[in-house]
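Analysis of the macromolecular model
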Amino acid sequence: MSLTAALAYARHGIPVLPVHAPDPRGGCSCDRGVTCPRPGKHPHLRHGLTEASTDPRLIELWWSRWPGANVGLRTGVTMDVADVDSAEGWHGLCHLLGGEFPAGPRVRTGGGGWHFWFRPLGHGNRVRLLPGLDWRGVGGYVVAPPSRHASGADYRWVLRPGRSLPEGPTALRALIAGPPPPPSHRPIAHPSRYARAALIAEADRVARAPAGTRNDTLNRAAFSLGRLVGAGLLDQADTMRELEDAARFAGLGRAEIRATLRSGLTAGRRAPFDPELNRDVA
Ligand SMILES: [Zn+2]
């Protein structure tokens, strides 16, 4: 059954790799058996992921050798996958997607999590993109239906792949791309583009700030964006709205957010950013 599925994935251009299966008596089909730290999740092949293939003859050869193998699919080629393993990850992804999951392919993993398929973004894996959420991109793979999980349950399709995959929304792409590189002390060629990227990156930093650092992170973000507001590169109301949403997502209360935003932005506006100098104020 897993051979048929593997060949079907390959026909759609997704490189396949045979993955060890959990042993019904416990543990893994690999040599380590019950001591395997990742039962049913790691490749059979010596060079792992790099050997993944869409060649049906090779796939048939692998499955004749390991008929019960789980099916691994290389990500970053025709799809990227948001790998959700907890309710927290589910809520985080839902927030990034603007409150609604796309009608794209969706897998219930045997471990109780979810895989959401997206068009590839061109980035590599991001472990713990948010709590409970990993991103599988270039150089990654996922275990796919009808594989078996160590829990005994199967990976199964909730929504099967159709003609096209949903695109990752801007907030998700910004989070995966990470913050912009540190200032180079060279004049900035496109100040308004730079300011927009800084706003997205600072809002992400605030949204992801762990408890205990949230107010401080918000204060720093408000100050550095306040400098861009002071230079006329960002709109004050837009900036406040973005940071407020991010801070509420992080769990800060409304009154605390307002007070911190106001003082940070005011202080920042007094030290306007100069794109020509691109240097921190003393
Ligand atoms: Zn193993």
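Going by the structure above, here's the rest.
Throughout what follows, the structure given in this document is the object of discussion. Residue numbers here run from 1 along each chain, matching the order of that chain's written sequence. It should be noted that, the model being predicted, local features are given only for residues of pLDDT at least 70 and side-chain atom pairs only at 80 or more, the latter also being counted only at that level, while totals for whole chains, interfaces and linings use all residues. As a rule here, side-chain values come from all non-hydrogen atoms in the structure, and water together with hydrogens is ignored.

Brief notes about the packing of aromatic side chains
Selection rule: Pairing of aromatic rings covers Phe, Tyr and the six-membered ring of Trp, with a centre-to-centre limit of 6.5 Å; geometry is then stacked below 30 degrees between planes, edge-to-face above 60, and tilted otherwise. Numbering of helices and strands runs from the N terminus; a helix is a DSSP stretch of H or I covering at least four residues, while a strand is a stretch of E covering at least two. The classification of residues rests on relative accessible area computed with a 1.4 Å probe and restricted to protein chains. Under 20% of the type maximum is buried, over 50% is exposed, and intermediate values are partly exposed. In this scheme, Lys NZ or Arg CZ marks a charge over a ring once it lies within 6 Å of the ring centre and within 35 degrees of the ring normal.
A full pass over the atoms with the stated rule returns eight aromatic pairs. Where W90 meets W114, the ring centres are 5.1 Å apart and the plane angle is 50 degrees; that geometry is what we call tilted. Residue W90 is located in helix α3 (residues 87–96), and its partner W114 is located in strand β5 (residues 114–118); the two are separated by 24 residues in the primary sequence. Measuring from ring centre to ring centre gives 5.7 Å for F118 and W135, while their planes differ by 35 degrees; the resulting arrangement is tilted. Of the two residues, F118 sits in strand β5 while W135 sits in strand β7 (residues 133–136), which places them 17 residues apart along the sequence. A relative accessible area of 0% places W135 in the buried class. In this arrangement the basic side chain of R65 is found over the ring face of W66, its NZ or CZ atom lying 5.0 Å from the centre.

Points about the environment of P15
Spelled out, the test is: Two residues form a contact once any of their heavy atoms are found within 4.5 Å.
Relative to the helices and strands, P15 resides in the loop between α1 (2–11) and β1 (16–19). Note: C-alpha distance between P15 and L165 (150 residues apart in sequence) is 17 Å. Non-local contacts of P15, meaning those with residues more than four positions away in its chain, are made with A52, S53, T54, G72, L73, R74 and V77.

A look at the sheet that holds strand β8 (residues 141–144)
What holds strands together in a sheet is hydrogen bonding between their backbones, with the strands either parallel or antiparallel. Test applied: Paired strands, in this sense, are two strands between which DSSP finds at least two bridges. In this description, a line fitted to the C-alpha atoms serves as the axis of each element, helices being fitted only across the stretch in contact, and the angle between N-to-C directions of two axes falls anywhere from 0 to 180 degrees.
If you walk across this open sheet you meet the three strands as β1-β2-β8, and the pairing is antiparallel. Each of the sheet's edge strands pairs with one partner strand only, and the pair in question is β1 and β8. Put simply, the sheet's adjacent strands are angled 35 degrees from each other on average, direction ignored. Running at roughly 10 degrees to strand β2 (residues 70–74), α1 makes contact with β1, β2 and β8 of the sheet.

Notes on the coordination of the zinc ion
What counts, and what does not: Only nitrogen, oxygen and sulfur atoms qualify as donors, and only when within 2.8 Å of the metal (3.2 Å in the case of Na, K and Ca); with water excluded, sites may look incomplete. All geometry calls rest on donor angles, where a four-donor set with angles between 85 and 135 degrees is tetrahedral, four- and six-donor sets with opposite donors more than 155 degrees apart and all others between 65 and 115 are square planar and octahedral, and all else is irregular.
Every protein donor of the zinc ion is accounted for by C28 (SG), C30 (SG), C36 (SG) and H42 (NE2), and the metal-donor separations fall at 2.0 to 2.3 Å. Between the four donor atoms coordinating the zinc ion, the angles at the centre fall across 103 to 113 degrees, so the site counts as tetrahedral. Going along the chain, you hit the donors of the zinc ion in the pattern C-x1-C-x5-C-x5-H. Here C30, found in the loop between β1 and α2 (56–65), pairs with H42, found in the loop between β1 and α2; they are twelve residues apart in sequence, far enough to count as distant. The pair formed by C30 and H42 is uniform in burial state, with each residue classed as buried.

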